[in-house]
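# Architecture and fold: a report
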Amino acid sequence: MDPAEERREMKRQKEHYMMLQCAADAQYGIPTRCLCGSRIINEVRGKEEYDSLPGKRFFTCKNYEDDGLHFRHPWVFGVQEEIESLTKRVKESEEVTLLVAKLNKQIETLAEQVHDLNVKVRVLQKVTGIKSQVRKSR
């Protein structure tokens, strides 16, 4: 094989392995589309001769081929991962809600402090206004 052909083959292999890695990383939760762009169907495996789990469900690419570049994700794992993801989001939103309540309380205390400071400024303006009038009259 000549060196140019060998480099092209290495590049093709590298691209293939990168695509396999993307496919492996993308299989999390309930898939909506396959890497190839096809839609995902719910597949129920029929009873086979040596099947220990008949009726097992999968999220499968409509154009599924066993080459590693299409999704065929077990239904149970997909749903479990999706529930874990949603549980995490709920916990994060609860934390944000608690932080919002704390921030609202801080805003109220700051508003009270601003009001108190405004009152003190008015009192000082009145006191300094009287003193400046006394100085002007002398």
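Everything numeric here is computed off the predicted structure, so don't read it as measured data. (Residues numbered from 1 in each chain as written. Predicted model: local features only at pLDDT ≥ 70, side-chain atom pairs only at ≥ 80, totals over all residues. Heavy atoms only, no water.)

## Details of the overall build of the chain
Assigned secondary structure in the chain consists of two helices and three strands. Listing each helix as α and each strand as β along the chain from the N terminus yields α-β-β-β-α. Counting all 138 residues of the chain, 13% fall into the buried class. For the chain, restricting intrachain contacts to residue pairs at least 6 apart in sequence, the fraction spanning at least 24 positions comes to 41%. Accessible surface, the chain: about 11,700 Å² in total, of which carbon and sulfur atoms supply 56%. (Helix = DSSP H or I, 4+ residues; strand = E, 2+ residues; numbered from the N terminus. Buried < 20%, exposed > 50% of the residue type's maximum accessible area, 1.4 Å probe, protein only. Contact = heavy atoms within 4.5 Å. Areas by Shrake-Rupley, 256 points an atom, 1.4 Å probe, with all protein chains shown as cover.)

## Remarks on the nonpolar core
Soluble, globular proteins show a tendency: their nonpolar side chains are buried together. The biggest cluster of nonpolar side chains holds five residues, and these are Cys34, Ile40, Phe59, Cys61 and Phe71. With near-sequence residues (within four places) excluded, Cys34 lies in contact with Ile40, Cys61, Leu69, His70 and Phe71. (Core = buried A, V, L, I, M, F, W, Y, C linked by side-chain atoms within 4.5 Å.)

## So, the sheet that holds strand 1 (residues 40–44)
Strands sit in the order 1-2-3 across an open sheet of three strands; the sheet is antiparallel. The sheet terminates laterally at strand 1 and strand 3 (72–74), the two strands that pair on one side only. Taken pair by pair, the neighbouring strands of this sheet meet at an average axis angle of 30°, ignoring direction. The pairing of strand 2 (residues 57–61) with strand 3 spans three bridges and is antiparallel. Bridge pairing in strand 3 links Phe59 to His73. (Pairing = 2+ DSSP bridges. Axes fitted to C-alpha atoms, helices over the stretch in contact; angles between N-to-C directions.)

## Some thoughts on a nonpolar patch on the surface
Nonpolar side chains collect at one region of the surface, where Val119, Val123 and Val127 lie side by side and expose about 200 Å² of accessible area between them. By the element assignment, Val127 lies in helix 2 (residues 75–137). You can call Val127 partly exposed: its relative accessible area is 39%. (Patch = residues over 30% accessible without salt bridge, like charges linked within 9 Å, V, L, I, M, F, W, Y side chains within 5 Å. Salt bridge = Lys/Arg side-chain N within 4 Å of Asp/Glu carboxyl O.)

## Things to note about the pairing of strand 2
Most of strand 2 is tucked away, with four of its five residues classed as buried. In terms of strand pairing, strand 1 meets strand 2 through five bridges, oriented antiparallel. Counterpart to Glu43 in the pairing with strand 2 is Phe58.

## Here we look at the UniProt feature "coiled-coil region" (unreviewed entry) in the chain
Per the UniProt record, "coiled-coil region" (unreviewed entry) is annotated on residues 93–120. Annotated as 100% helix and 0% strand, the span residues 93–120 places its first and last C-alpha atoms 40 Å apart. (UniProt positions renumbered as here; feature names shortened; annotations may be inferred.)

## Details of the pattern of salt bridges
All told, the structure shown has three salt bridges when counted by the stated rule. As a salt-bridge pair, Glu5 and Arg12 come within 3.4 Å of each other at their nearest N and O atoms. Overall, the relative accessible area of 43% leaves Arg12 in the partly exposed class. For the salt bridge of Glu9 with Arg12, the shortest nitrogen-to-oxygen distance reads 2.9 Å. Here Arg12 and Glu9 lie together in helix 1 (residues 3–26), a separation of three residues that amounts to about one turn. Look at Glu9 and you get partly exposed, because its relative accessible area is 29%. Each of the salt bridges in this network shares a partner with another, and the network as a whole consists of Glu5, Arg8, Glu9 and Arg12.

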